[in-house]
Amino acid sequence: MDVLTQVEAIEGALSGLGHATARIPFTRELDGFISGIRAERVDLVLNLCETVDEDPTLAWHPAAVLELLGIAFSGSPSSALMLTADKVLTKRLLKASHIGTPDYRVYEGLKGFEPGGLKFPVIVKPRFQDASIGIDQESIFEDERSLLRGLEPFRARFGTLLVEEYIRGREFNISVFGYPTPTVLPLAEIDFSAFPQKLYHIVGYRAKWEKGSFEYHNTPRSFPDDLPWGLRSSLERTALDCFSLFMVRDYGRVDIRVDDQGRVYVLEVNANPCLSPDAGLAAAFRRTGLDYPQLVASLTEFAQQRLHDDAHKACGLAG
């Protein structure tokens, strides 16, 4: 599992930095989690939870419990994790804030669903799933008839769906890092040049997880140095605007498409991206000349700084 890969890598980095570590799983059985926290005398947590008992809608609950317990932790607060885990709510906030994003509809059943006004092709995404679960070439529909025919099987598997216009163009993964002031790491672009004409340019489930698939081996990440200043500036500004809007903290990733007119469209705001050494955020961090243990050290420093700041505020209030 990807989460266990992250756990092992971060545990190794923490040990190398001289920190004692303990693995404490978070499940619906909160008594066990809280008992583990107390038994290990935990004073700082690196939050790597992406689901709770395989339920992605609960991914923000570990952060909420840590907030209630008053324990410092890495990454975004529960509010940011809740907002960004919901693709529909994310779209609504982006639209309300006039940040470019593909037009969309919400599908909860054929009754009352009206795709009119959408430009085809469209891509269908589960409202709450992460890690491209439910997203692949079969998720793209080229006309309204095929869409209406194919929606119910998707809903039966994943529940409420987001039906979003497919944007042709370049795809960028933009990692943002830092606390209290975030900075944009080197911009990464997905290279789809090996894709045949019949395949849409998406990083779907196969591209991320099926090692024997064509997509897995033909969606490499690059860090272009020759982007026009205007495009680079627009991408960086949009990523920082999203970071601020969704109250993301410490680190995050914004996935963006740029069409042939240079228009920027936010596809996803990820407040809890993968922290494995071979993942996009770590790769972007290394482009700055720093290594993986330094990334992990920074995360602990961010959480410790909040712990110090909160203690300072408490002293000020007491005085």
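Note: the structure precedes this text.
Described in the following lines is the structure provided in the data block. (Residues numbered from 1 in each chain as written. Predicted model: local features only at pLDDT ≥ 70, side-chain atom pairs only at ≥ 80, totals over all residues. Heavy atoms only, no water.)

**Let's talk about the overall build of the protein chain**
Right, on to step 1. What the protein chain contains, in helices and strands, is 11 helices and 12 strands.
Right, on to step 2. Taking 2.2 N^0.38 as the reference for a compact globule, 319 residues should give roughly 20 Å; the C-alpha atoms of the protein chain span a radius of gyration of 20 Å, in line with that estimate.
Right, on to step 3. Summarising its shape, the C-alpha atoms of the protein chain cover approximately 65 × 45 × 45 Å along the three principal directions.
Right, on to step 4. The buried share among the 319 residues of the protein chain stands at 50%.
Right, on to step 5. Sequence separation of 24 or more characterises 65% of the internal contacts of the protein chain that already satisfy a separation of 6 or more.
Right, on to step 6. Split by element, the accessible area of the protein chain, about 16000 Å² in all, is 52% carbon and sulfur.
Right, on to step 7. Across the protein chain, the centroid of the 34 positively charged side chains sits 4 Å from that of the 44 negatively charged ones. (Helix = DSSP H or I, 4+ residues; strand = E, 2+ residues; numbered from the N terminus. Rg over C-alpha atoms; globule rule 2.2 N^0.38 Å. Buried < 20%, exposed > 50% of the residue type's maximum accessible area, 1.4 Å probe, protein only. Contact = heavy atoms within 4.5 Å. Areas by Shrake-Rupley, 256 points an atom, 1.4 Å probe, with all protein chains shown as cover. Lys, Arg positive; Asp, Glu negative; His and termini not counted. Charge placed at Lys NZ, Arg CZ, Asp CG, Glu CD.)

**Observations regarding the environment of I123**
Right, on to step 1. Looking at the secondary structure, you find I123 in strand β4 (residues 122-126).
Right, on to step 2. Taking C-alpha positions, I123 is 27 Å from D278, a pair spaced 155 residues apart along the chain.
Right, on to step 3. Residues contacting I123, with those up to four places away along its chain left out, are I135, S139, I140, L162, V163, E164, Y166 and I202.

**Section: the sheet that holds strand β5 (residues 140-141)**
Right, on to step 1. Taken in spatial order, the four strands make up an open sheet running β3-β6-β4-β5, and their pairing is antiparallel. Either end of the sheet is taken by a strand with one partner, and the two such strands are β3 (104-107) and β5.
Right, on to step 2. Of the strand pairs in this sheet, β4 and strand β6 (residues 161-165) are connected by five bridges, and their pairing is antiparallel. Each bridged residue has a counterpart across the sheet, and for P126 the counterpart in β6 is L161.
Right, on to step 3. Against the sheet, helix α5 (residues 87-96) contacts β3, β4 and β6, and its axis sits at roughly 150° relative to β3.
Right, on to step 4. Together, β3, β4, β5 and β6 form the strand contacts of helix α6 (residues 144-158), whose direction differs from that of β6 by roughly 140°. (Pairing = 2+ DSSP bridges. Axes fitted to C-alpha atoms, helices over the stretch in contact; angles between N-to-C directions.)

**What to know about the nonpolar core**
Right, on to step 1. Ranked by internal contacts, the top residues of the largest apolar core, which has 36 residues, are L235, I256 and V266.
Right, on to step 2. If you tally residues by element for this core, the top one is helix α9 (residues 229-245), at five residues.
Right, on to step 3. Counting 26 residues, the second largest nonpolar core, distinct from the first, contains V7, A9, L275 and A284. (Core = buried A, V, L, I, M, F, W, Y, C linked by side-chain atoms within 4.5 Å.)

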